[in-house]
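# Descriptive structure summary
The residues making up each chain are set out below.
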Amino acid sequence: VGLVLAIIAAIMDGCYAVPARVEALLKLEVRPVVFFFYNSVSLFIFGWICTIFLPLNSTFLSGGSNEFQFVWLAFLAGASLALCVYTSFIAVDIIGIALGSAVHSGTSIFVSAMFSVLVLEDNPENLGLYLGGVFLLTLGVASVALTHEISGFFDVALKQVSVSETTRLVNDGGESGVAPSSSSKDWSLANARSYGVGILIAVICGFIGGLSLVPYDYVSVSEQGLVFMPAFVTGIMAVAVVTIAVFFVVPSDTHRLTVADFHIDKPVVWGMAALSGMFLGFQFLFSFFAYSILPYGVVTPLVLTSILVSSLLGIVLFDEIQGPAALSVFYVSSLVVLGGAVMVS
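Conventions and cut-offs
Residues numbered from 1 in each chain as written. Predicted model: local features only at pLDDT ≥ 70, side-chain atom pairs only at ≥ 80, totals over all residues. Heavy atoms only, no water. Helix = DSSP H or I, 4+ residues; strand = E, 2+ residues; numbered from the N terminus. Buried < 20%, exposed > 50% of the residue type's maximum accessible area, 1.4 Å probe, protein only. Axes fitted to C-alpha atoms, helices over the stretch in contact; angles between N-to-C directions. Parallel < 35°, antiparallel > 145°, perpendicular 65-115°, else oblique. Left-handed = near helix turned anticlockwise from the far one by under 90°. Nonpolar A, V, L, I, M, F, W, Y, C, P; charged D, E, K, R; others polar. Core = buried A, V, L, I, M, F, W, Y, C linked by side-chain atoms within 4.5 Å. Contact = heavy atoms within 4.5 Å.

### Quick word on unusual backbone geometry
Negative phi is the rule for most residues except glycine; trans is the rule for most peptide bonds. Phi at glutamate 121 is positive, roughly 55°, even though this residue is not glycine. Looking at where glutamate 121 falls in the secondary structure, it is placed in the loop between helix H5 (72-118) and helix H6 (127-145). Unlike most non-glycine residues, histidine 263 shows phi in positive territory, near 50°. For histidine 263, the location among the structural elements is in the loop between helix H9 (229-249) and helix H10 (267-291). The buried category is assigned to histidine 263, whose relative accessible area is 15%.

And the structure:
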């Protein structure tokens, strides 16, 4: 049951960032902080609606409470998670959903696994197998993150071999040689700075995300499940409100928010943000129940295999990974991720 819940949570987690990349939103150039705010409002409403189902909490969770409680550790978890959500939107906006999710997931897997083993002492039955799975998961998502670079390396290598052979044949025949193409090199130089910033933001997002739900491990069973949700989403909403307030008063005209930035007359903006919030809400809900059954160091890495879902959606919907070489790297890396997930579980 715990594994099924974790898999469903992974699917929801892989879907939540997709609405931020809808073409209509990109044309409007919706600012990440605005999308985050609408997203948080949706998640806040979702979390409090869950209180309607509190009488069923003990049915889903053995030892769970059916009474409302405001769990302050849940508020802390939500506040830290909000920072992760916001930075993830920034990363996606810079480097795309596939690459952003890959770096974020890889960092979160490593951080959550190490914290689980070293701090929570959730030692698996076979530590070597577990650590091997963590290594494969980290390697797999890193390979997905570097899909373009790895495929580009092979493309350049093949071109150099082709040019060398052509030069040899030309020299033998006495004709003019052909200079090797430098398009791949030009592409790398032009995008290195942007990718570097995006990857750094994704790493920070992954570090925060890997530890954000640790408080769930420290609350009693009576505070878990649906009981955990209201305070959790309130923490997220609190950070969202503070973030919006800060952006309204920043001295820089470039970064300052105005009412026009909220696109109130554009239903697609807050509609897509609401959809994103719902995906995230279900991800948390299924994750909470999974955490009540399985160790933190097992659930978090499994949920973060959402990289497969998000990357596939990035390929199918947004053509973010193109070409046979890049796609081959991605699919091989995906098999590595799946192998690691099996070993961890």
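### Quick notes on the packing of helix H3 (residues 32-49) against H10
Running from amino to carboxyl end, H3 crosses H10 at an angle of 50°, the nearest separation of the two axes being 7 Å. In terms of axis orientation, H3 runs oblique to H10. Relative to H10, H3 is oriented so that their crossing is right-handed. Considering only residue class, the contact of H3 with H10 consists of 14 nonpolar, five polar and no charged.

### With respect to the nonpolar core
In this structure, Phe228, Met229, Phe232, Phe284 and Phe288 are the most contacted members of the largest nonpolar core, which totals 83 residues. Here phenylalanine 232 is in contact with Ala74, Phe75, Ala77, Gly78, Leu81, Leu213, Phe284 and Phe288, once residues within four sequence places are set aside. In this structure, Ile95, Val103, Tyr195 and Ile201 belong to the second largest nonpolar core, which totals seven residues.

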